[in-house]
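A closer look at the structure
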Amino acid sequence: MSMFDTILDIIDDKGPISMPELCDEINDKNGKADIGQSVQIADVEAVITRKKDLFKVQDGSIMIDPNKDPIRLRVSLGGHPGPWYKINIDFAQQHFHYFEWHLSRHSNTKILPKRAGNLAAFKRQMYRYCIWNWLEFYEDDGLRLEDTYWDVKLETKGKIYKMKGNDSYPKEWANFCISLSKLIGKRIC
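What comes next concerns the included structure. (Residues numbered from 1 in each chain as written. Predicted model: local features only at pLDDT ≥ 70, side-chain atom pairs only at ≥ 80, totals over all residues. Heavy atoms only, no water.)

Side note on the nonpolar core
We count it as follows: The set of buried Ala, Val, Leu, Ile, Met, Phe, Trp, Tyr and Cys residues whose side-chain atoms join them within 4.5 Å is what this entry labels a nonpolar core. Each residue is placed in one exposure class: buried if its accessible area under a 1.4 Å probe, protein chains only, is under 20% of its type's maximum, exposed if it is over 50%, and partly exposed if it falls in between. Each helix is a run of DSSP H or I of at least 4 residues and each strand a run of E of at least 2, with the numbering of both proceeding from the N terminus.
Membership of the largest hydrophobic core comes to 48 residues, with the highest contact counts inside it found for F55, L73, W134, V152 and F176. In terms of residues, this core owes the most to one element, helix α5 (residues 173-184), which gives six residues.

A few points about the sheet that holds strand β2 (residues 55-58)
Quick reminder of the rule: Note: two strands are recorded as paired if DSSP finds a minimum of 2 bridges between them.
Strands sit in the order β1-β3-β2 across an open sheet of three strands; the sheet is antiparallel. Edge strands, defined here as strands with exactly one partner in the open sheet, are β1 (17-18) and β2. Looking at chain direction, β1 and strand β3 (residues 61-64) are connected through two bridges and run antiparallel. Across the sheet, the residue bridging to S18 is S61, located in β3.

Observations regarding the packing of helix α1 (residues 3-14) against helix α4 (residues 119-129)
Cut-off, in case you're wondering: Under this scheme, a helix contributes an axis fitted over its contacting stretch, all axes are lines through C-alpha atoms, and angles between N-to-C directions fall in the 0 to 180 degree range. Note on convention: the crossing is left-handed when the near helix lies turned anticlockwise from the far helix by less than a right angle, right-handed when the turn is clockwise. Two residues qualify as a contact provided that any one of their heavy atoms is within 4.5 Å of a heavy atom in the partner residue. For this classification, the nonpolar set comprises Ala, Val, Leu, Ile, Met, Phe, Trp, Tyr, Cys and Pro, the charged set comprises Asp, Glu, Lys and Arg, and every other residue, Gly included, is treated as polar.
Direction vectors running N to C along α1 and α4 enclose 115°, while the axes themselves pass 10 Å from each other. The crossing of α1 and α4 is right-handed. Residues F4, D5, L8, D9 and D12 of α1 form the contact with α4, whose own contacting residues are K123, R124, Y127 and R128. Of the residues belonging to the contact of α1 with α4, the class tally is three nonpolar, no polar and six charged.

Topic: the sheet that holds strand β9 (residues 160-166)
Across the sheet, six strands lie side by side as β6-β5-β4-β8-β9-β7; this open sheet has mixed pairing. Two strands close off the open sheet at either side, each with one partner strand: β6 (95-101) and β7 (137-139). Between one strand axis and the next, the sheet turns through 5° on average, direction left out of account. Pairing of strand β4 (residues 70-79) with strand β8 (residues 148-156) involves nine bridges; the strand directions are antiparallel. Bridge pairing links V75 to V152 in β8. Across the sheet, α4 lies against β4, β5 (84-90), β6 and β8, angled at about 85° from β4, the strand it touches most.

Observations regarding the pattern of salt bridges
Where charged atoms from two side chains of opposite charge come close, those side chains can pair. Rules: Criterion for a salt bridge: a side-chain nitrogen of Lys or Arg within 4 Å of a carboxyl oxygen of Asp or Glu.
Overall, the coordinates contain eight salt bridges when judged by the stated rule. Between D12 and K123 there is a salt bridge, with the nearest N and O atoms lying 2.8 Å from each other. With D12 in helix α1 and K123 in helix α4, the pair connects residues that are 111 residues apart, well separated along the chain. The partner of E100 in a salt bridge is K186, with the nearest N and O atoms 2.8 Å apart. A residue pair is termed long-range when its members are at least 10 positions apart, and E100 in strand β6 and K186 in the segment after α5 qualify at 86 residues.

Section: the pairing of β3
Here β3 shows no split at all, with S61 and M63 on one side and I62 and I64 on the other all buried. Summarising the sheet, β2 and β3 pair through four bridges and their orientation is antiparallel. Paired with Q58 across the strands is S61, a residue of β3.

Structure (structure tokens):
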């Protein structure tokens, strides 16, 4: 696991934390202090500085910016004649719901989701996609025979973001879909 992922896990678990405590937690989690390879404050500061848009330092404590700390995520996508997917993820309660429906009798409805993925791993990936920076609307101006519509609603501790599109996507969309597919256990886009 990268130091960035470790920092996210620790802050998610413990809440706002001081730099020395964060270093101690990273070293405990990685077990490197025992073999003389401990993480130093400068190493952690470098990660925090590189990701300064995500982290906030307040009163000597490091936290995730409340406008970027997810509580819930709703994703809906599909096109005519289907299938349509809706995924509701509640990070606070640590569960998700996945719905799929087909409007065509010729759709393959026999493929069931495999084993569900890891919600904590999905949350760590979400920080990399910077959903809060996506545009509100994406649309392909070209000729479309079959439209694929999608909308995403991200509720954070400080703000709600709503994005949607019609056959056009943010650059992170493909990786976002891969992460969603791993979470629900079925390829959806």
